[in-house]
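Chain by chain, the residues:
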Amino acid sequence: PGNGKTSLLRAICNYFGLEFKDIKESIRRNGDVDLPTSESKGIDMALFPTGNDVTVWIMEDIDKMVDFNGDKESLSSSVTLHDVLKGLDGINPIDGALILATTNYANILSESLAARPGRFDRVVQIDEPKEEEILKLLKFHKMSVSDVENGIDEIAADLEGYSMAFAEEYVKSVKMIHRKNEITMKEAKKILDRIVKHKKEFENKFTEKGGLGFGK
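All values derive from a computational prediction rather than experimental measurement.

Each value, and the rule that gives it
Residues numbered from 1 in each chain as written. Predicted model: local features only at pLDDT ≥ 70, side-chain atom pairs only at ≥ 80, totals over all residues. Heavy atoms only, no water. Axes fitted to C-alpha atoms, helices over the stretch in contact; angles between N-to-C directions. Helix = DSSP H or I, 4+ residues; strand = E, 2+ residues; numbered from the N terminus. Left-handed = near helix turned anticlockwise from the far one by under 90°. Contact = heavy atoms within 4.5 Å. Nonpolar A, V, L, I, M, F, W, Y, C, P; charged D, E, K, R; others polar. Core = buried A, V, L, I, M, F, W, Y, C linked by side-chain atoms within 4.5 Å. Buried < 20%, exposed > 50% of the residue type's maximum accessible area, 1.4 Å probe, protein only. Salt bridge = Lys/Arg side-chain N within 4 Å of Asp/Glu carboxyl O.

A. Just the packing of helix α4 (residues 131-140) against helix α6 (residues 164-178), in detail. Close contact between α4 and α6 brings their axes to 10 Å; oriented N to C, the two are set at 30°. Between α4 and α6 lies a crossing of right-handed hand. Residues E133, I134, L137 and L138 of α4 lie in contact with α6, whose contacting residues are M164, A167, E168 and V171. Of the residues that constitute the contact of α4 with α6, the class distribution is six nonpolar, no polar and two charged.

Structure follows, in structure tokens:
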């Protein structure tokens, strides 16, 4: 979580000039589903026009679309694992469709969806950023430490082990509190301690309540 899955999908579509359709935009709040269907295959992904030769389907957090542990509906009373599988490679082909899906919990996905060839041909795991990648982020935002040589490297090392979203939050906190990009090492450590404490308090709050979603 927080390492750029959605940003990667957006970048792919923007790079190739493709429009995309998020399936969950068609799942209404009351649980009804407004998806193109055909008599022969139910939900028909090929019927989503985008104005391009390639139809791009976005399935963000696919683990939450269906309860894959029991093949029961999750967000909608009408979308089942069977519907999703038929949509991906049912009897009617969907040539020219690019299907991109994300999940933070790949381990709970049904093998019939995640492991069967022909449904998802490529799997990309996005790990938490390394120190050098966080350093690139800090330099991109022109962050610097005024009283310690190579202090920015030390900050990047301190942020390793956290998500890129956490590192972004660090940069925003620096700019909001000090209204500048150059700070002292003491100021840098103080901000880091503050947001680490906030993160732990947030996690503990949900742990006490029994967890959050599939991550519990």
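Back to the text.
B. The arrangement of the nonpolar core in detail. By size, the foremost hydrophobic cluster in this structure holds 22 residues, and its most contacted members are L138, I155, L159 and Y170. Looking at this core, the elements with two or more residues in it are α4, α5 (151-159), α6 and α7 (185-208). Top element by residues in this core is α7. It accounts for six residues. Once residues within four sequence positions are removed from consideration, L159 is found in contact with I134, L138, F166, A167, Y170 and L192. Residues W57, M59, L113 and F120 belong to the second largest nonpolar core, which totals eight residues.

C. How the structure looks around the pattern of salt bridges. All told, the structure shown has two salt bridges when counted by the stated rule. Here K189 ties to E154 by a salt bridge, and the two come within 3.0 Å at their closest N and O atoms. Pair noted here: K189 is in helix α7 and E154 is in helix α5, with a separation of 35 residues, a long-range link. Of the residues examined, K189 reaches a relative accessible area of 27% and is grouped as partly exposed. Notably, a salt bridge pairs K189 with D158, separated by 2.5 Å at the nearest N-O pair. You can see K189 sitting in helix α7 and its partner D158 sitting in helix α5, a full 31 residues away along the chain. According to the relative accessible area criterion, D158 is partly exposed, its value standing at 27%. If you follow the salt bridges from partner to partner, you end up with E154, D158 and K189 in one network.

D. Summary view of the side chain of T102. For T102, the location among the structural elements is in the loop between β7 (97-101) and α3 (111-114). Ignoring sequence-local partners within four residues, the contact set of T102 consists of K5, L9, M59, E60, D61, I62 and D63.

E. Molecular detail of unusual backbone geometry. With phi around 60°, K142 is a residue other than glycine that occupies positive phi space. Secondary-structure assignment places K142 in the loop between α4 and β8 (144-145). Using a relative accessible area of 62% as the deciding quantity, one classes K142 as exposed. Unlike most non-glycine residues, R179 shows phi in positive territory, near 55°.

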